[in-house]
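Structural overview
Each chain, written out:
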Amino acid sequence: MAFKELSNITDVLLDDEDPILSNDQVKIFTFINYTILIGVVSSFGVIFNILTIVVFFRQGFSDSINISLLGLAVADVAGLLPLIWVGLCYNPWLELTYTNLDLNDLHYLFGGWPHVCFSRVTGWLTAFITFERYVCIAFPLKVKAIITPRRTVIVVASVFVIVCSSVVPVAFSLGVGPTFSVAKNRTVIGLVYSENGVAVENVALLINAFLEITAFVFVILSTIGLVQKFLSKTKWRNETSSSQKNEQISRRDKKVVKMIILISGIFIASYFPIVINVTVMAVFDDYGVLGRYKNIYMAIGTCIFFLEAVNSTVNIFVYLRMSSRFRETFVSIFCTVRCRKDRT
């Protein structure tokens, strides 16, 4: 494929200085957030989600919720690994060591886009999990016929395929090759575009913005519906019967609802600034990579990536706190490993 050289991202950022945040300040800001904070959180997040995956495999997949949560953990791992690469690219030591590479360009292609892809997968899986719990509360007698393990596998796999397909064109429009860097005043290995690469990339950005906003709205609506339906069901049970059996059912449903609401609540809190950021980009032309306030955009972008990293990291603590079955399986696996070490 024939590529044409365009000004790379670093050159754009150093072209004209942001009137609010200087280039030197944004470099310090990105180093602290990307290399230190996001790097540490993402590294722990990968470990925690791998432990979560092990626990769900041990529990089995007769329950459809385990399949959904497993898919969520896989998406989180796939989204956190690129963030670790992004943190490495913003390490000044690597920039001084590999002077023939434009690490800012490479982080954009091999870190930014893969993370964006699996971040959207996380959003839609969270939406599906919330909706799945709503169906369980709204139609308790029909839920096993409506949501089966086989259908859940199909939905989870479809989310991965559809969202990943939305960024596949980017792989054919962007590439790595020799390009002239104004900042370094020489040719380096950086980001190069195909003939229609910019147009293809813009379409992919619009699609991913749409997927992000729709998933966010769907999570909010499903969470509101879940809470309302649960409250109405609880009120009805309390009015019709006070038996111990109904008391136990209500308590179990309440525990499940709390866990899902907490997961969706963390997602909403983490992604709300992202939706605002996308909206501001659409309204103000000067706010973006090529705009007058590009440094502010870059600085806020690091905060957004940090929130996404936190959202993909903390789920294991929700499971340990809210799910006794998950906690018991987790402890049994840990004790097994510990006993083997003691015997050795």
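In the annotation of an unreviewed UniProt entry, the protein chain is listed under the name G-protein coupled receptors family 1 profile domain-containing protein and assigned to Lymnaea stagnalis. For the record of the protein chain, the UniProt heading Subcellular location (unreviewed entry) holds the text "Membrane".

When you go through the protein chain residue by residue, the secondary structure sums to 13 helices and three strands. Across the 344 residues of the protein chain, 47% fall into the buried class. At a minimum sequence separation of 6, the contacts of the protein chain that also span at least 24 residues come to 78%. Put simply, the protein chain shows about 18,000 Å² of open surface, and 67% of that area lies on carbon and sulfur atoms.

One can find N66 in helix α3 (residues 64-89). In this structure N66 comes out as buried when scored by relative accessible area, which is 5%.

Counting 62 residues, the largest nonpolar core has L69, V121, L125, F160, L174, M259 and Y319 as the members making the most contacts within it. Tallying contributions element by element places α3 first for this core, with 11 residues. In contact with L125, other than residues within four places in its own chain, are G71, L72, A75, V156, V159 and F160.

Glancing now at the packing of α3 against helix α7 (residues 149-165). For the pair α3 and α7, interaxial distance at closest approach is 8 Å and the crossing angle is 20°. Taken together, the axes of α3 and α7 are roughly parallel relative to one another. The interaxial crossing formed by α3 with α7 has right-handed handedness. For the pair α3 and α7, the contacting residues are S64, I67, S68, G71, V74 and A75 in the first and P149, T152, V153, V156 and F160 in the second.

Parameters and conventions
- Residues numbered from 1 in each chain as written.
- Predicted model: local features only at pLDDT ≥ 70, side-chain atom pairs only at ≥ 80, totals over all residues.
- Heavy atoms only, no water.
- UniProt positions renumbered as here; feature names shortened; annotations may be inferred.
- Helix = DSSP H or I, 4+ residues; strand = E, 2+ residues; numbered from the N terminus.
- Buried < 20%, exposed > 50% of the residue type's maximum accessible area, 1.4 Å probe, protein only.
- Contact = heavy atoms within 4.5 Å.
- Areas by Shrake-Rupley, 256 points an atom, 1.4 Å probe, with all protein chains shown as cover.
- Core = buried A, V, L, I, M, F, W, Y, C linked by side-chain atoms within 4.5 Å.
- Axes fitted to C-alpha atoms, helices over the stretch in contact; angles between N-to-C directions.
- Parallel < 35°, antiparallel > 145°, perpendicular 65-115°, else oblique.
- Left-handed = near helix turned anticlockwise from the far one by under 90°.

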